[in-house]
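Working through the structure, step by step
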Amino acid sequence: METVLPLPTLQISTATYNLTGMAKVLRVFFLLLRLLAVAATLCAVVIMATSHDSTTVFGITLEAKFQHTPALVFFVVANGIAFIYSLIVLFVPSTSLLSRSIIVFDVILAMLLTAAIAAAGAMAQLGKKGNSHAGWFPICDRVPNFCDHVMGAMICGCVAVITFLLIVLYDIHQVLSPKFP
Amino acid sequence: MADENGKQTETESRPWHQTVTLLLVSLRLAALVATSTAAGLMAFNKETKTVTVAVVGTNPILQSFTAAFQQTPAFVYFVLANAIASLYNLLAMLLRPCLKNRGRQVLVHLLDMVVFALVVTGAAAAASMAELGKNGNKYARWNPICDRFEAFCIRGGVALVAAFIGAVLLLLMNALSVVGLTCKNVTSNNN
């Protein structure tokens, strides 16, 4: 298949000069967004992993750890994977072959993070409000430290999700631009 | 269809472009079926069990326990998300003649991603609730309910599987529409 037909040279030079200024600003902004993604995913992992609280009821010690709930374990694992990926992507040069794979992985990881925060959100709502129809009582009044940690981790997770979604939007913009290799 | 006076590249890229379009339409139809199945199954998911609580003299006192999807916010969100996704897919298929414009196709692609995110989050939240209903959480003293409400759990499980299948189909459709958008980019420059 043939590539784009060559345009007149004068048009190319003015077009690239105009695009370079705006494209540079966008590139710097999205590099900062990737740094924010690294920070947000790291915060989510650390805050959730350090959530631990125990309370004593009638002489029985009840412990609340994130490992007891598979949804919170999934949240930690997903944010951990996203953190490692974001770190690696920071050091990858923007060559053409790798940048296509990065776009695909960006989309996959953004969806993984949204699923993780949805699952953790369902569990958090249940822990806070309980479900009277099933006889499941809320636990947040008994282990408030645990619930605060989970809430903090979910806020970091929300920031990470929004950051990843913005990065995906920029990737789509790059794919649709006429200068895409 | 084969233009004898046209460029070589046009006739070469047309069959591939048509295959991509056909695949997109069939994927959207399959995703519509999957998400509407999930929404419908979960929306009509209700089970009532009547148990004898006590016996006064010779009259048994009955109490009925109901398991319905409205009792769990995650399931409500699941039904809403899948209903929105199936309505959107139906609209996108019915309005295909109006969406030949490139700007509108980019808009449809962005809305596809939004709808995919909706379906994925709905399925994830409902899956965490379903896992809890099946296994319980002994540390929080939350007992499983699937041993008592079997039909509710089975129907919910089938709806969940349908939603996950719909999510995979939507993901494939998203990836393919990016390919379709870039391929049109090349062909429109050759026109």
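Structure shown above.
What counts, and where the lines are drawn
- Residues numbered from 1 in each chain as written.
- Chains lettered and ligands numbered in written order.
- Predicted model: local features only at pLDDT ≥ 70, side-chain atom pairs only at ≥ 80, totals over all residues.
- Heavy atoms only, no water.
- Patch = residues over 30% accessible without salt bridge, like charges linked within 9 Å, V, L, I, M, F, W, Y side chains within 5 Å.
- Areas by Shrake-Rupley, 256 points an atom, 1.4 Å probe, with all protein chains shown as cover.
- Salt bridge = Lys/Arg side-chain N within 4 Å of Asp/Glu carboxyl O.
- Helix = DSSP H or I, 4+ residues; strand = E, 2+ residues; numbered from the N terminus.
- Buried < 20%, exposed > 50% of the residue type's maximum accessible area, 1.4 Å probe, protein only.
- Core = buried A, V, L, I, M, F, W, Y, C linked by side-chain atoms within 4.5 Å.
- Contact = heavy atoms within 4.5 Å.
- Expected span 1.5 Å × (residues − 1).
- Buried area = accessible area lost by both parts, 1.4 Å probe.
- Pairing = 2+ DSSP bridges.

With that settled, consider a nonpolar patch on the surface. Residue and element names in this part refer to chain B. A grouping of Leu87, Leu90, Leu91, Leu94 and Leu95 is seen on the molecular surface, where their side chains present a nonpolar patch of about 490 Å² in accessible area. Along the chain, the position of Leu95 falls in the loop between helix 2 (73–94) and helix 3 (102–135). Among the residues examined, Leu95 registers a relative accessible area of 42% and is labelled partly exposed.

The next subject is the nonpolar core. Membership of the largest hydrophobic core comes to 65 residues, with the highest contact counts inside it found for Met48, Phe75 and Phe164 of chain A together with Phe78 of chain B. Elements that contribute at least two residues to this core include exactly helix 1 (9–49), helix 2 (70–90), helix 3 (96–129) and helix 4 (144–176) of chain A together with helix 1 (8–43), helix 2, helix 3 and helix 4 (150–190) of chain B. Here the element with the most residues in this core is helix 3 of chain A; it accounts for 12 residues. Membership of the second largest hydrophobic core comes to 20 residues, among which are Ala31, Val108, Phe116 and Val119 of chain B.

Moving on to the pattern of salt bridges. Summed over all chains, the structure comprises 3 salt bridges over all chains. Arg34 of chain A serves as the salt-bridge partner of Asp106 of chain A, at 3.0 Å between the closest nitrogen and oxygen. Residue Asp106 of chain A is found in helix 3, and its partner Arg34 of chain A is found in helix 1; the two are separated by 72 residues along the sequence. Its relative accessible area of 0% is what places Asp106 of chain A among the buried residues. Owing to a relative accessible area of 16%, Arg34 of chain A belongs among the buried residues under this scheme. Lys49 of chain B is the salt-bridge partner of Glu47 of chain B, the closest N and O atoms lying 3.3 Å from each other. The buried category is assigned to Glu47 of chain B, whose relative accessible area is 12%.

We now examine the environment of Thr69 of chain A. Mapped onto the fold, Thr69 of chain A is located in the loop between strand 2 (60–65) and helix 2. For the pair Thr69 of chain A and Ala120 of chain A, spaced 51 residues apart in sequence, the C-alpha to C-alpha distance is 9.2 Å. The contact partners of Thr69 of chain A, leaving out residues within four places of it in the chain, are Met123 of chain A together with Asn137 of chain B.

Let's shift gears to helix 2 of chain B. Look at helix 2 of chain B: 32 Å from first C-alpha to last across 22 residues, which is about the 32 Å you get at 1.5 Å a residue. Residues of helix 2 of chain B that are buried include every one of Ala74, Phe75, Phe78, Val79, Ala81, Asn82, Ala85, Ser86, Tyr88, Asn89 and Ala92 of chain B, and no others.

All right, on to the interface of chain B and chain A then. Opposite the 38 residues of chain B that make contact, chain A presents 36 residues. Carbon and sulfur atoms supply 74% of the area buried between chain B and chain A, which totals about 3100 Å² over both sides. For chain B, the biggest contributors to the area lost against chain A are Met113, Tyr139 and Trp142 of chain B; these three give 18% of the whole. Taken together, the connections running from chain B to chain A amount to 0 salt bridges.

With that settled, consider the pairing of strand 1 (residues 52–57) of chain A. Residue and element names in this part refer to chain A. Across 6 bridges, strand 1 lies against strand 2 in antiparallel orientation. Across the sheet, Thr55 pairs through a bridge with Leu62, a residue of strand 2. Joining the antiparallel neighbours strand 1 and strand 2 is a turn of 2 residues, in which Phe58 adopts a positive phi near 55°.

Purely geometric stuff here, so don't read any function into it on its own.
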